[in-house]
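# Observations on chain architecture
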There are 2 protein chains.
Amino acid sequence: MLSDIEISHTTELKPIAAIAHRAGLHDNEFNAIGAHKAKVDAQAVLKRFDDQHDGKFILVTAVTPTPLGEGKTVTTIGLSQGLQTLGRSVMTCIRQPSMGPVFGVKGGAAGGGYSQVAPMDELNLHLTGDIHAVTAAHNLASAAIDARLYHEQRDGYEAFEARTGLKALRIDPNHVVWKRVIDHNDRALRMVTVGLNEPNKSVNGYVRQDGFDISAASELMAILALATDLHDMRKRIGRIVVAYDFDHNPITAEDLQVAGAMTVVLKDAINPTLMQSLEGVPTLIHAGPFANIAHGNSSIIADRVALKLADYVVTEAGFGSDMGFEKACNIKAAVSNHAPDCVVLVATLRSLKANSGLYDLRPGAALPDSLVTENHAALKAGFANLEWHINNIKKYQLPVVVALNRFPQDSDSEIAQLGQWIHELDPEIGFAQSEAFAKGGIGTQALAQAVLKACEQPHNFTPLYTTEMGLLEKLTAVATRGYGAQALHLSELAQQQLARFDALGFGSSSVCIAKTPLSISANAALKGAPKAFDLDIRELKLCAGAGFIYALTGDVMTMPGLSDKPAFMALDIDANGQIIGLS
Amino acid sequence: MLSDIEISHTTELKPIAAIAHRAGLHDNEFNAIGAHKAKVDAQAVLKRFDDQHDGKFILVTAVTPTPLGEGKTVTTIGLSQGLQTLGRSVMTCIRQPSMGPVFGVKGGAAGGGYSQVAPMDELNLHLTGDIHAVTAAHNLASAAIDARLYHEQRDGYEAFEARTGLKALRIDPNHVVWKRVIDHNDRALRMVTVGLNEPNKSVNGYVRQDGFDISAASELMAILALATDLHDMRKRIGRIVVAYDFDHNPITAEDLQVAGAMTVVLKDAINPTLMQSLEGVPTLIHAGPFANIAHGNSSIIADRVALKLADYVVTEAGFGSDMGFEKACNIKAAVSNHAPDCVVLVATLRSLKANSGLYDLRPGAALPDSLVTENHAALKAGFANLEWHINNIKKYQLPVVVALNRFPQDSDSEIAQLGQWIHELDPEIGFAQSEAFAKGGIGTQALAQAVLKACEQPHNFTPLYTTEMGLLEKLTAVATRGYGAQALHLSELAQQQLARFDALGFGSSSVCIAKTPLSISANAALKGAPKAFDLDIRELKLCAGAGFIYALTGDVMTMPGLSDKPAFMALDIDANGQIIGLS
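Every value quoted in this text rests on a predicted model; they were computed, and no experiment measured them.

## Considerations on the overall build of chain A
Within chain A one finds 20 helices and 25 strands. Here chain A has a C-alpha radius of gyration of 24 Å; the compact-globule value for 583 residues is 25 Å, and the two agree. Its C-alpha atoms put chain A at 80 × 55 × 55 Å along the principal axes. Per-residue burial over chain A gives 63% buried out of 583 residues. Restricting to contacts in chain A with at least 6 residues of sequence separation, those with at least 24 account for 74%. Working note: accessible area of chain A is about 19900 Å², and carbon and sulfur atoms make up 50% of it. Looking at charge distribution, chain A has the averaged site of its 49 positive side-chain charges lying 1 Å from that of its 62 negative ones.

## Side note on the domain arrangement of chain A
Buried accessible area, meaning the area lost when the parts come together, often serves as the stated size of an interface. Residue and element names in this part refer to chain A. Split by domain assignment, chain A resolves into domain 1 (4-128 + 270-456), domain 2 (130-266) and domain 3 (471-552). When each unit is reduced to the centre of its C-alpha atoms, the spacing between domain 2 and domain 3 is 25 Å. Contacts between the two partners involve 12 residues from domain 2, matched on the other side by 11 residues from domain 3. Of the roughly 920 Å² buried at the junction of domain 2 and domain 3 (both faces included), carbon and sulfur atoms supply 56%. When residues of domain 2 are sorted by the area they lose upon contact with domain 3, Glu219, Val241 and Tyr244 head the list and together hold 40% of the total. Taken together, the connections running from domain 2 to domain 3 amount to 0 salt bridges. Our enumeration of links across domain 2 and domain 3 arrives at 6 residue pairs in polar contact (both at pLDDT 80 or more). For the side of domain 2 that touches domain 3, the secondary structure elements donating two or more residues are α9 (219-226), α10 (230-239) and β12 (241-245). Sort the elements by how many residues they give to the side of domain 2 that touches domain 3 and α9 lands first, with 4 residues. When its residues are assigned to classes, the side of domain 2 that touches domain 3 shows 8 nonpolar, 1 polar and 3 charged.

## Details of the interface of chain B and chain A
At the junction of the two partners, chain B supplies 74 residues and chain A supplies 74 residues. With both sides pooled, the region where chain B packs onto chain A buries about 6100 Å², and carbon together with sulfur makes up 66% of that total. Of all residues in chain B, Met191(B), Val264(B) and Asp564(B) bury the most surface against chain A, accounting for 11% of the area lost on that side. Between Asp572(A) and Arg234(B) there is a salt bridge, with its nearest N and O atoms 2.8 Å apart. The tally of links from chain B across to chain A stands at 36 residue pairs in polar contact (both at pLDDT 80 or more). Ranked by residues supplied to the side of chain B that touches chain A, first place goes to helix α7 (residues 130-155) of chain B with 12 residues.

## Things to note about the sheet that holds strand β22 (residues 534-543) of chain A
Residue and element names in this part refer to chain A. The strand order across the open sheet formed by 4 strands is β20-β22-β23-β21, and the pairing between neighbours is mixed. Two strands lie at the open edges of the sheet, namely β20 (487-490) and β21 (510-514), each paired on one side alone. Going across the sheet, the axis of each strand differs from the next one's by a mean of 40 degrees, ignoring polarity. One ladder, built from 5 bridges, connects β21 with strand β23 (residues 548-553); its direction is parallel. Within β23, the residue paired with Val511 across the bridge is Ile549. Strands in contact with helix α13 (residues 321-336) are β21 and β23; relative to β21, the strand with the most contacts, it is inclined by about 155 degrees. On top of the sheet, helix α19 (residues 471-482) reaches β20, β21, β22 and β23; it is set at about 45 degrees to β21, its chief contact.

## A few points about the pattern of salt bridges
Under the definition given, this model contains 48 salt bridges over all chains. Between Arg154(A) and Asp155(A) there is a salt bridge whose closest N-O contact spans 3.1 Å. Classification of Asp155(A) as partly exposed rests on a relative accessible area of 21%. Of the charged contacts, one joins Asp54(B) and Lys308(B) as a salt bridge, the two residues approaching to 3.1 Å between their closest N and O atoms. Of this pair, Asp54(B) sits in the loop between α3 (42-49) and β3 (56-62) while Lys308(B) sits in helix α12 (residues 300-309); the two residues are 254 residues apart in sequence, bridging distant segments of the chain. Where salt bridges share partners, they join Asp146(A), Arg180(A), Arg208(A), Asp210(A) and Asp186(B) into one cluster.

## Description of the sheet that holds strand β23 (residues 548-553) of chain B
Residue and element names in this part refer to chain B. With mixed pairing, the 4 strands of this open sheet are ordered in space as β20-β22-β23-β21. Every other strand in the sheet has two partners, leaving β20 (487-490) and β21 (510-514) as the edge strands with one partner each. Direction aside, neighbouring strands of the sheet carry axes that sit 40 degrees apart on average. Across 6 bridges, the pairing between strand β22 (residues 534-543) and β23 is antiparallel. Across the sheet, the residue bridging to Leu540 is Ala551, located in β23. Of the strands in this sheet, β21 and β23 are in contact with helix α13 (residues 321-336), which crosses β21 at around 155 degrees.

## Here's the deal with the side chain of Glu316(A)
All names here are of chain A. Within the secondary structure, Glu316 sits in strand β16 (residues 312-320). One buried charge, Glu316, has no salt-bridge partner; the nearest side chain with opposite charge is Lys72, at 4.3 Å. Within the structure, the side chain of Glu316 is placed 2.8 Å from the side chain of Thr73, a separation counted as a polar contact. Setting aside residues no more than four positions away along its own chain, Glu316 makes contact with Leu59, Val60, Lys72, Thr73, Thr76, Cys93, Ile94 and Asn297.

## Describing the relation of the copies chain B and chain A
With an RMSD of 0.0 Å, the fit of chain B onto chain A corresponds to turning through 180 degrees and sliding 0.0 Å along the axis. The superposition operator between the copies reduces to a two-fold rotation axis. Scanning chain B for the C-alpha nearest the rotation axis identifies Ile33(B), at a separation of 2.0 Å. Most of the interface of chain B is mirrored in chain A, where 100% of its interface residues again form contacts.

Rules and cut-offs
Residues numbered from 1 in each chain as written. Chains lettered and ligands numbered in written order. Predicted model: local features only at pLDDT ≥ 70, side-chain atom pairs only at ≥ 80, totals over all residues. Heavy atoms only, no water. Helix = DSSP H or I, 4+ residues; strand = E, 2+ residues; numbered from the N terminus. Rg over C-alpha atoms; globule rule 2.2 N^0.38 Å. Buried < 20%, exposed > 50% of the residue type's maximum accessible area, 1.4 Å probe, protein only. Contact = heavy atoms within 4.5 Å. Areas by Shrake-Rupley, 256 points an atom, 1.4 Å probe, with all protein chains shown as cover. Lys, Arg positive; Asp, Glu negative; His and termini not counted. Charge placed at Lys NZ, Arg CZ, Asp CG, Glu CD. Domains from an automatic or database assignment. Buried area = accessible area lost by both parts, 1.4 Å probe. Salt bridge = Lys/Arg side-chain N within 4 Å of Asp/Glu carboxyl O. Polar contact = N/O pair within 3.5 Å; in protein donor to acceptor, adjacent residues only side chain to side chain. Nonpolar A, V, L, I, M, F, W, Y, C, P; charged D, E, K, R; others polar. Pairing = 2+ DSSP bridges. Axes fitted to C-alpha atoms, helices over the stretch in contact; angles between N-to-C directions. Least-squares fit on C-alpha atoms with pLDDT ≥ 70 in both.

Shown next, in the form of structure tokens:
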């Protein structure tokens, strides 16, 4: 079989205008960006359709994955292609890949095989510049903070006010909560000191501790994904709390007079990018928050546009159903007011066996070959993880279909066994193999049929918490009902922060928990369906613009690092100027 | 008169395909990026024209400017429009503006009034993402350096080699010469410590001193501007020296195995972006090195494309003729092998009076009103600066035309006086007023006529130095013949560096001097035509990929800072989602 980039390069793509027309877009509702991308004017589309009803909304999630991922994106794209082969009107909504994983260990995030968004190199690199815009807008606020700090400290507050006519903000340099961001895996930037000077000089600003997150973890990325239009985005940006003054009062982007400029930088990013799958399914790409250290879902704006244009919209939420799916239901749906009609739970034989606890899996090391040899005992042990995720989705009162993302070497008897166990667990649950990678849409028709059936089931979507509940109650709900923890523990710091955020009037926020995706608990070593664990929260962060309180568990880090042999080493251009080594 | 952005928004622009066709591009030679931008396939164009002769190459420079600039870009664009009104086939080549000045103090860089590149907001913000690509590629190398340093130090060299199969690079953490970059004015990032850790942990890498430059000063930006095609860029990137090992051997991007990936990130950036002036002149925008802290000229690729397509190509070099023009002649022309046919020297009455030394001008403060009231004595005193720049251009044996960029309030008698002095200095020199700002192309017809005449003069282009000369000889040539300094002094550090670069085999490099643009000397306070000054070089940097030795004078900084009332405070979106406050 050809490599992903070879398949992407050898498949003849349609002009993007043809894809836009297939999606039902009018010529004045999109702007082609080269041959195979377009920016969609979301506001124009939503205005045209206004009161019309929406298509069916299909959310793809997964069991607890191995570090390599279990093919959720390939299944998402393949399922859309399968629905199209059945004559349905369909669109896909996915996130924009970050350059961090592309150059790090995971490689690209465009699906793979015959179920890719194409051209995959354009998707995986700059696309239409939205992540760059998030990075630039974010760091503009950082420069504004440090410049203000510098000028106020240098002049003294009274002199500063007299000279500039501005009110001194009296930023506490030890209480700046807006870190900088960069779209790379760069561990050396996790903790930095800024504003350093040559001896006896002070031209470079005020010395303070700072750090960089990856851009996917920026609050602006969450705002881009959650905003309902440009004006909503402008207001949310204005509300961002970037620092506190010496009296512990919050200082916002609005106070810095930088919220307007940040919005200007994000003006084009507010619109989704249209691309196509290898079989021509119109695909919207918009926003790229990770599901471990951010809220893990593509944008509300893209969903809304797609739901007006298509009868079926397939989207995905990052990592397992404890991760992106939880946040789709409790954070995103609370803003969009739009529940999924059906949930697809992706599993692989490999991932279930890895969840058995019977293999010696080490982070950063390749998966052992023994994972793909037949082993019913390991599969049985790992089934507990699948069962947990099925029950988790049922908790939200949503219909679920299990999709077995098949690898060529997978055992038919293991797959049959798996189907049997699922049937014994609940005969109502759909189950189908997906051969999206090897066969494209033809390989997912059984899955598509199961999904169509599930979409017709009535559901009574029930998130884990409501706006009115207190912050601690919300955190507890996600920890105990969402993850199955026995108890939630907040560090002393987190308790103080919770009290402060409550006192500042942010008690109605959602909660966004950052944790490892490699276990349902916050301990990556606990495989399968861990019970009898507690969830420890070490630190909270107020994301007043995004509308959630961000909670960090364990030693989760918001800036990944590069391994000793990063993916970038394989990348180059060939003699014809074509990209090689991208997967 | 309307504001720049109002004029830009209310002028009806042509579809970019119509502009491309006007320029003579075939449909397969450009990719539209939205309605008003296109990426031009430079290689396809150059292949089609191959041996055909080039158009005339007109280089716009200026006298020593005030910090607000003297309208070089407005004159460049206006002159192109003027040539077009005279029925000539013309294209313009300019640099992409950096977001630093846009949000800082200077505002945008799209020209102004009725001589703008449009839409000016798209030009001034992301354009087609080339600067973001430079930033991303640059910082990928930084992440690669720190990751390699971390893994080798953590494991020990032998263990690292045994485990990875890679050769240990033994990077000296105190001798990493590749700083990070960001496209903002952010003084707090000038000097930082990276790789810091929580007490008793070492997960965040190796602690070392680092700093950020503005992206315009990145060696990658110079490479983008100087490369002749994608493969030349790939080779140049491989040659970049990022650090030295403990035995003082250079470590390159090739050694880090990151040069291929950096090229992949810059793959789209290698092609110029086509836009239009308000009167529809096809305009190529490509690369954005500043002329004080970098080599200050747009790309060789864009020039080559334009020179094949048009009979007249107008480009500009940053700041005064001691700055970007010097580098155009001594760095850029040495690679492109293409000398200008005519040089346009832009002056304003304001800038000449400011050069008189008779006014109290302070950096950061507004210019005094008295600068625009009639004052023949001040103009006479400031004329020394114009005279210096005229003689400077003659030194290169190029024809020169002086363009007086007229402001509405300028005095006719002062302008007449100025013309008289120029005539007395040399009756061969062309002189014309330009009313590009207020009137567009119609306002520059006299200038265009003078330029057409100058283009027919024979010239015998003579740069200040040749490749064969030694590095010290080249630096001395620019300091003494280029600036008129009495002598060149190298700090002890710079002397050591010079010896090392020579020993490493880089003696044939060009030299790129970073200095203030506000004086012909390296001391911003010395106005007019300073004599009897020495040039002090404090530090050298090897830019082996760009092909020059970079020399820092005085206290010039490669990362600007934000003022206490930055331009970003005025920016916002209005009720219709349109950008306001951009100038």
